[in-house]
Amino acid sequence: MEPSPALWNDRAAYPDRLIFHTPEWLAFVAECQGAEPVLATVTDGSTPAGHFTGLLTRKYGLRILGSPMAGWTTSYLGFQLDPGVSRRAALDALLPFAFDELGCAHAEVRDRFLTEADLAGSGLLWESAPTAVINLEPSEDDLFAAMASACRRNIRKAAKSGVVIEEVDGDPAFADEFYDQLRDVFAKQNLVPTYSVERVRSLIRHLSPAGRILLLRARDGEGRSIATAVLPWHHRAMYFWGGASYREHQHLRPNEALIWHALRWARARGLTEFDFVGGNSYKAKYGTTEVPVPWARRSRSPLVARLRDAAKQGFALKQRAAARLTGVR
């Protein structure tokens, strides 16, 4: 049964809502993963206290609840809760729902506001999965000053070299452009991208009509596209879903110029946070703060847990093998 407009309206009123909770995002994940969205109400006794969002999928014939799963290019899902409602209590209630009511063999949760302290004594396995964020509330001058001096120089160099940033209005061809540059990024490490170009097309197709994605292109002084960025946004935050550039043009520093444009664009529209969706060390040059966001999981049996770990290792091996077979450039 399709969720009612009243349910979506209620979910859209929560202060901890994220783009990943929206119908457009869930349609994107469902399409790419062949998964079924799960929208559940969290109650305290008989009183509604919030919502849970996840998707059901199958692996090795087993039912799995992802909120989200690794590889879905979806940063967070988890809960939307009334102020004062314990995320640990909501997580404790989720587990019997996942294993008993839904009949799952495995469940994973990464909630933006769940803390490592919330997981203590929960019986769940979890990994630290920090992200790097920028607070957009300071002035543009203060944001620029917070960057490393080398990063500021690179932004100035891009401008002096004739690099121009364009905002792209949902052009379907942009996905192919981005993906070609992404292949070049992965080729530098003798790898291939972890997803197909169709996933990029799907993301743009679902989010563009709702105005929830910023697509940026960097051109050099001769008008060639040399770098791109895909940046979903909603409510208070923008997310760095993906960035790519051709290696031969990286000396013009288009990547830093793209991020600087995105920061100013988001701030001008009242967003208060830019989330790099990961904690890689190179992001620190933009003046980021690291935020720990644990990724928690539980399996019905040790065998299922081992299957999950084996699947993760197998994916990495498959990616390297694919790179060799395709002869990455």
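Residues numbered from 1 in each chain as written. Predicted model: local features only at pLDDT ≥ 70, side-chain atom pairs only at ≥ 80, totals over all residues. Heavy atoms only, no water.

### Points about the nonpolar core
- Membership of the largest hydrophobic core comes to 40 residues, with the highest contact counts inside it found for Trp-25, Phe-178 and Trp-241.
- Within the residue set of this core, elements represented by two or more residues are α2 (23-33), α7 (174-187), α8 (197-207), β9 (213-219) and β11 (237-239).
- Looking at which element gives the most residues to this core, the answer is α7, with 6 residues.
- Those residues within four positions of Trp-25 in sequence are excluded, and the remaining contacts are Ile-19, Phe-20, Thr-73, Thr-74, Leu-203, Leu-207, Pro-232 and Trp-241. (Core = buried A, V, L, I, M, F, W, Y, C linked by side-chain atoms within 4.5 Å. Buried < 20%, exposed > 50% of the residue type's maximum accessible area, 1.4 Å probe, protein only. Helix = DSSP H or I, 4+ residues; strand = E, 2+ residues; numbered from the N terminus. Contact = heavy atoms within 4.5 Å.)

### What about the pattern of salt bridges?
- Counted under the stated rule, the structure contains 19 salt bridges.
- Residue Arg-297 is joined to Glu-127 by a salt bridge in which the shortest nitrogen-to-oxygen separation is 3.3 Å. Taken as a pair, Arg-297 in strand β15 (residues 295-299) and Glu-127 in strand β6 (residues 125-127) lie far apart in primary sequence, 170 residues in all.
- Between Glu-256 and Lys-285 there is a salt bridge, with the nearest N and O atoms lying 3.0 Å from each other. Note that Glu-256 is positioned in helix α9 (residues 254-268) and Lys-285 in the loop between β13 (273-275) and β14 (289-291), a separation of 29 residues in sequence. (Salt bridge = Lys/Arg side-chain N within 4 Å of Asp/Glu carboxyl O.)

### Regarding the packing of aromatic side chains
- Within the structure shown, the criterion is met by 12 aromatic pairs.
- Ring centres of Phe-20 and Trp-25 lie 4.8 Å apart, and the angle between their planes is 85 degrees; this geometry places the pair in the edge-to-face category.
- Joined through ring pairs, the aromatic side chains of Phe-20, Trp-25, Phe-28, Tyr-76 and Tyr-239 make up one cluster. (Phe/Tyr/Trp six-rings, centres within 6.5 Å; stacked < 30°, edge-to-face > 60°.)

### Regarding the side chain of Arg-11
- With respect to the helices, strands and loops of the structure, Arg-11 is situated in helix α1 (residues 5-11).
- Asp-10 provides the closest opposite charge to the buried, unpaired Arg-11, separated from it by 6.9 Å.
- Once residues lying within four places of it in the same chain are set aside, the contact partners of Arg-11 are Arg-17, His-21, Leu-39, Ala-40, His-51, Phe-52, Thr-53 and Gln-80. (Lys, Arg positive; Asp, Glu negative; His and termini not counted.)

### Some details on the side chain of Asp-118
- In this fold, Asp-118 is placed in helix α4 (residues 116-119).
- Buried charge without a salt bridge: Asp-118, with Arg-87 as the nearest opposite-charge side chain at an N-O distance of 6.3 Å.
- Within polar-contact distance, the side chain of Asp-118 engages the backbone nitrogen of Thr-115 at 2.9 Å.
- Look past the residues within four positions of Asp-118 in its chain and what remains in contact with it is Arg-87, Arg-88 and Phe-113. (Polar contact = N/O pair within 3.5 Å; in protein donor to acceptor, adjacent residues only side chain to side chain.)

### Comments concerning unusual backbone geometry
- Here the residue pair Ser-67 and Pro-68 is connected by a cis peptide bond, since its omega of -5 degrees sits within 30 degrees of zero.
- In this fold, Pro-68 is placed in the loop between β3 (62-67) and β4 (78-81).
- Here Thr-73, not a glycine, exhibits a phi torsion of approximately 45 degrees, which is positive.
- One can find Thr-73 in the loop between β3 and β4.
- Since its relative accessible area comes to 25%, Thr-73 is described here as partly exposed.
- With phi around 60 degrees, Asn-190 is a residue other than glycine that occupies positive phi space.
- Considering the arrangement of structural elements, one finds Asn-190 in the loop between α7 and α8.

### Thoughts on the confidence of the model for the chain
- In the predicted model, the chain carries a mean pLDDT of 93, and the fraction of residues at 70 or more is 93%.
- Low pLDDT (under 50) marks residues 319-329, which in the prediction has 22 contacts with non-local residues, meaning those over four places away or in another chain. (pLDDT = per-residue confidence, 0-100.)

### A word on helix α6 (residues 149-160)
- With 12 residues, α6 extends 17 Å from end C-alpha to end C-alpha; this agrees with the ideal 16 Å at 1.5 Å per step.
- Taken as a whole, α6 has its buried residues at Cys-151, Asn-154, Ile-155 and Ala-158. The buried residues of α6 all sit within an arc of 100 degrees when viewed along its axis, so they share a single face. Those residues of α6 that are exposed and aimed more than 90 degrees away from the buried face are Arg-153, Ala-159 and Lys-160.
- Its buried side turned inward, α6 meets α5 (140-146) and α9.
- Once α6 ends, the next one or two residues include Gly-162, with phi positive near 90 degrees. (Expected span 1.5 Å × (residues − 1). Arc of directions from axis to C-beta.)

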